[in-house]
Amino acid sequence: MPRDDAGAVSVRLPDGSRRTLPAGATAADLATSLGPELARDAVAAEVDGELVDLGRPLVDGAQVRLVVAGSEEGREVLRHSTAHVLAQAVLRLYPGARYAIGPPIEDGFYYDFELPGGRHFSDDDLPRIEAEMRSIIGEAQPFVREERSIDEGLALFADQPFKREIIEQVAEAAGRVDPELAHEVAAGTVTTYRNSETFVDLCRGPHVPSTDRLGHFALTRVAGAYWRGDERRPQLQRIYGTAFESAEALAEHLRRLEEAERRDHRRLGAELDLFSFPEEIGSGLAVFHPKGGLVRRIMEDYARQRHVDAGYAFVNTPHVTKSDLFETSGHLEWFAEGIFPPMELDGQHRYYLKPMNCPFHILIYASRQRSYRELPLRLFEFGTVYRYEKSGVVHGLTRVRGMTQDDAHIFCARADLADELRSLLAFVLDVLRDFGLEDFHLELSTRPPDKAVGSHEEWEEATEALRAAGEAMGLELVLDEGGGAFYGPKISVQARDAIGRSWQLSTVQLDFQLPQRFDLAYVGPDNARHRPVMIHRALFGSVERFFAVLLEHYAGAFPTWLAPVQARVLPVRDDHGPYAAEVASALAAAGLRAEVDPASEPVGARIRRGRLERLPYLLVVGDDDVAGKTVGVNARGAAAPERDVPLATFVERLAEEVAAKSSPEAVRRR
Ligand SMILES: [Zn+2]
Ligand SMILES: [Zn+2]
């Protein structure tokens, strides 16, 4: 006999309450029953832990959470759905185009295409594609989910080789899918979403119910990308875009993008003649030009002095090694993908470019017997390492194939670990602050749940020592539970830049593994053999990446102590040239970096150029200055010049500003 509520479904909501709906009710019906606001804002649902379309019928007893447009997950659904609209628009506008994958990414989405005849997109194509997308959105096309067999999928995409390859991978993978393709397919099944008679895409969903739920989107740029990130595969044309839940959220995001674009270190690096990536050398391998090299040298010299003062011993190690070293260290086992292919030498030995300095420093430690009196032993090197990064992820100076780490390895007795970590973290933060970064938080990564070397007590003790050191800094400490490497816990310093972006800079990584693998020891006061604890520590991270972070943080306007040219002297007329040279020499004599820009062009043009170069000071000298031994001071960013400043006064002021690691802007704020 049927019960009264036969045919009804009852679902549980996140607040623990239950809701009963008629049989066949969908997540969209649930949203409607909960009020007009949710009906408007919901874009998908999580049912028993799985994200699904709003149109999916609910099953009795399910745990259901609605995903709203403005949440991170909701934005992902909007962005991913918009990517489908982009694909449809491109296929309409470029008959014969092939489409590959279109996942959501941080802050947006992309879609990869291969255009007929090897054509390329340019930024000028974007408005036309956007217009086509708006018309698709206006058509209010539904996203209709269909499940298919592998063979049906292959037939449906008969003339779409990229889709076929993904489906074939599903067929072969039997349970494992390349994470890069996870948005397109789930293991073992082929699901497609149809928008219209002519457009269907391979996808696992979920999507918004209909294209008219979209609209606050923008296409941002085009780029080349290899299929599956593999440079031996076809090069595809990528279009990036973003989408938000409201016009305001989109506008705010575009404003931030514009600001980030203005500060992009790759662009500033070229404009300010700091560094480049010559084709002839290869992807991800930078050369620093004289001005960039100068900034870099000042950074390094300063860091060197600070390390001397903090009791570090300086070492040097080679760039290549026999494979034996990385076999002992384990790098060939668990870091193989990041290592450049080996060189065969002497017919028998394989040599590798080093991806890390650690094992080299360990050999220095192990070169003789160590006593507890030598600990903590802090070995430091500007060590250049090479890592094989896929060409798709190489990015300016922030993701490179060759870089110089300001790398230290500290060998310390277990009993001294807490003290060492506290002083180490204080040192790291102090140096970073000198470079003008002020807004930090720390992240503590603890023992991974599955496998880890070292005993539970060791982990406990070390993690507590890291936590105590972190807390002593008085900064926010975010816990990354289980996020540590298998060989030890880690604390990382995250710095917020001038436009609010967080960068991971320094890392302090404890290591229980390498001392064991290399059987490191020291002789204790008890005359017995003890195992030291090892700390890996990079302060800048890499010099290249830190350079890029500073360049973007300052938008190219380096503080005076780091600026390649601190003051440029502009004689108004040719006959003011000798005095301009005198001014430059007076500055040079005080250890300051000055140069003369001769009067071959009008002063106005030379001032504009100096401003574009973000020089801290432009000193204009004319008749009165020659007579009175003064300079006209144009400080960077100042509304008006300051006239008739006695030369001696300016030299003194500039020297003070450099010593204080200040800038014209900061001096004005004071
Ligand atoms: Zn999709
Ligand atoms: Zn290391």
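Residues numbered from 1 in each chain as written. Chains lettered and ligands numbered in written order. Predicted model: local features only at pLDDT ≥ 70, side-chain atom pairs only at ≥ 80, totals over all residues.

## Description of the overall build of the protein chain
If you tally the helices and strands in the protein chain, you get 21 helices and 33 strands. Each principal axis of the C-alpha distribution contributes one length, and for the protein chain these read about 105 × 75 × 60 Å. Within the protein chain, the proportion of its 670 residues that are buried is 37%. (Helix = DSSP H or I, 4+ residues; strand = E, 2+ residues; numbered from the N terminus. Buried ≥ 20, exposed ≤ 12 C-beta atoms within 10 Å, placed from the backbone.)

## Some details on the sheet that holds strand 19 (residues 349-353)
One open sheet holds the 3 strands; their spatial order is 17-19-18, and the pairing between them is antiparallel. Each edge of the open sheet is held by one strand with a lone partner, namely strand 17 (320-322) and strand 18 (343-345). Strand after strand, the sheet turns through a mean of 35° between neighbouring axes, direction not considered. Note that strand 17 and strand 19 share 3 bridges and pair antiparallel. Bridge pairing in strand 19 links Thr321 to Tyr352. (Pairing = 2+ DSSP bridges. Axes fitted to C-alpha atoms, helices over the stretch in contact; angles between N-to-C directions.)

## Some remarks on the packing of helix 3 (residues 72-93) against helix 4 (residues 126-138)
With their axes 9 Å apart at the nearest point, helix 3 and helix 4 run at an angle of 115° to one another. Viewed along their axes, helix 3 and helix 4 adopt a mutual orientation that is roughly perpendicular. Considering how the two elements wind past one another, helix 3 and helix 4 form a crossing that is right-handed. Of the residues in helix 4, those touching helix 3 at Val85, Leu86, Gln88, Ala89, Val90, Arg92 and Leu93 are Arg128, Ile129, Glu132, Met133, Ile136 and Ile137. The class makeup of the residues in the contact of helix 3 with helix 4 is 9 nonpolar, 1 polar and 3 charged. (Parallel < 35°, antiparallel > 145°, perpendicular 65-115°, else oblique. Left-handed = near helix turned anticlockwise from the far one by under 90°. Contact = placed C-beta atoms within 7 Å. Nonpolar A, V, L, I, M, F, W, Y, C, P; charged D, E, K, R; others polar.)

## Structural notes on unusual backbone geometry
The omega torsion of the bond from Gly205 to Pro206 falls at 0°, within 30 degrees of zero and hence cis. Note that Pro206 resides in the loop between strand 11 (200-202) and strand 12 (217-226). At the junction of Leu375 and Pro376, the peptide bond is cis and its omega measures out at -10° in the coordinates. When you line up the elements, Pro376 lands in the loop between helix 12 (358-365) and strand 20 (377-386).

## Let's talk about the packing of helix 13 (residues 417-434) against helix 14 (residues 456-472)
With their axes 9 Å apart at the nearest point, helix 13 and helix 14 run at an angle of 35° to one another. Pair helix 13 / helix 14 crosses with right-handed handedness. Every residue of helix 14 that contacts helix 13 at Leu417, Ala418, Leu421, Arg422 and Leu425 is listed here: Ala462, Ala465, Leu466, Ala468, Ala469, Gly470 and Ala472. Within the contact of helix 13 with helix 14, the residues separate by chemical class into 10 nonpolar, 1 polar and 1 charged.

## What about helix 16 (residues 543-553)?
Within helix 16, 11 of the 11 residues are buried, leaving the element largely enclosed by the surrounding structure. Of the residues making up helix 16, those classed as buried are Val543, Glu544, Arg545, Phe546, Phe547, Ala548, Val549, Leu550, Leu551, Glu552 and His553. A positive backbone phi angle near 50° is found at Ala555, which sits one or two residues after helix 16.

## Quick word on the domain arrangement of the protein chain
What the domain assignment reports for the protein chain is domain 1 (8-68), domain 2 (73-263), domain 3 (287-553) and domain 4 (567-669). Taken over C-alpha atoms, the centre of domain 3 sits 42 Å from the centre of domain 4. (Domains from an automatic or database assignment.)

## Topic: the nonpolar core
Of all hydrophobic cores here, the largest spans 86 residues; its most connected members are Leu619 and Val621. Take this core: its biggest share by element is 7 residues, from helix 16. Excluding residues within four positions of it along the chain, Leu619 makes contact with Ala567, Val569, Leu570, Val583, Val631, Gly632 and Val633. By size, the runner-up hydrophobic cluster in this structure holds 57 residues, among which are Ala42, Ala100, Ile101 and Cys203. (Core = buried A, V, L, I, M, F, W, Y, C linked by C-beta atoms within 7 Å.)

## Let's talk about the sheet that holds strand 22 (residues 439-445)
The sheet built from 8 strands is open, its strands ordered 16-20-21-28-25-24-22-23 with mixed pairing. Two strands close off the open sheet at either side, each with one partner strand: strand 16 (313-314) and strand 23 (477-480). By the bridge criterion, 10 bridges tie strand 20 to strand 21 (residues 402-412) in an arrangement that is antiparallel. Considered in strand 21, the bridge of Phe380 is made with Ala408.

## Some thoughts on the environment of Tyr302
Following the sequence through the fold, Tyr302 ends up in helix 9 (residues 290-309). Considering only alpha carbons, one finds Tyr302 and Asp434, 132 residues apart in sequence, at a separation of 9.8 Å.

## Observations regarding the pairing of strand 31 (residues 617-621)
Counted residue by residue, strand 31 has 5 buried out of 5 residues, so it is predominantly covered. The two faces of strand 31 match: Tyr617, Leu619 and Val621 on one face and Leu618 and Val620 on the other face are all buried. As defined by bridge partners, strand 29 (residues 567-571) adjoins strand 31 across 5 bridges and the pair is classed as parallel. Following the sheet pairing, Pro571 is matched in strand 31 by Val621. Where strand 31 lies against strand 32 (residues 630-635), 4 bridges are found, and the strand directions are antiparallel. By the bridge assignment for strand 32, Tyr617 is matched with Ala635.

## Digging into the environment of Tyr388
Counting through the fold element by element, Tyr388 comes out in the loop between strand 20 and strand 21. Classification of Tyr388 by C-beta neighbours within 10 Å gives partly exposed; the count is 14. Along the backbone, Tyr388 and Gly338 are 50 residues apart, and their C-alpha atoms lie at a distance of 4.7 Å. Discounting chain neighbours no more than four positions away, the residues touching Tyr388 are Gly338, Ile339, Phe340 and Arg401.

## Comments concerning the pairing of strand 25 (residues 502-511)
Across 6 bridges, the pairing between strand 24 (residues 490-496) and strand 25 is antiparallel. For Arg496, the partnering residue across the bridge sits in strand 25 and is Ser502. From the end of strand 24 to the start of strand 25, which pair antiparallel, there are 5 residues, and Gly500 there has a positive phi angle of about 85°. Direction of pairing for strand 25 relative to strand 28 (residues 533-542): antiparallel, over a ladder of 5 bridges.

## Considerations on helix 12
Burial of helix 12 is extensive: 6 of the 8 residues sit out of reach of the surface. By the burial criterion, the buried members of helix 12 are Cys358, Pro359, Phe360, His361, Ile362 and Tyr365. In this structure, the buried residues of helix 12 make contact with helix 10 (323-329), strand 20, strand 21, helix 15 (514-517) and strand 28.

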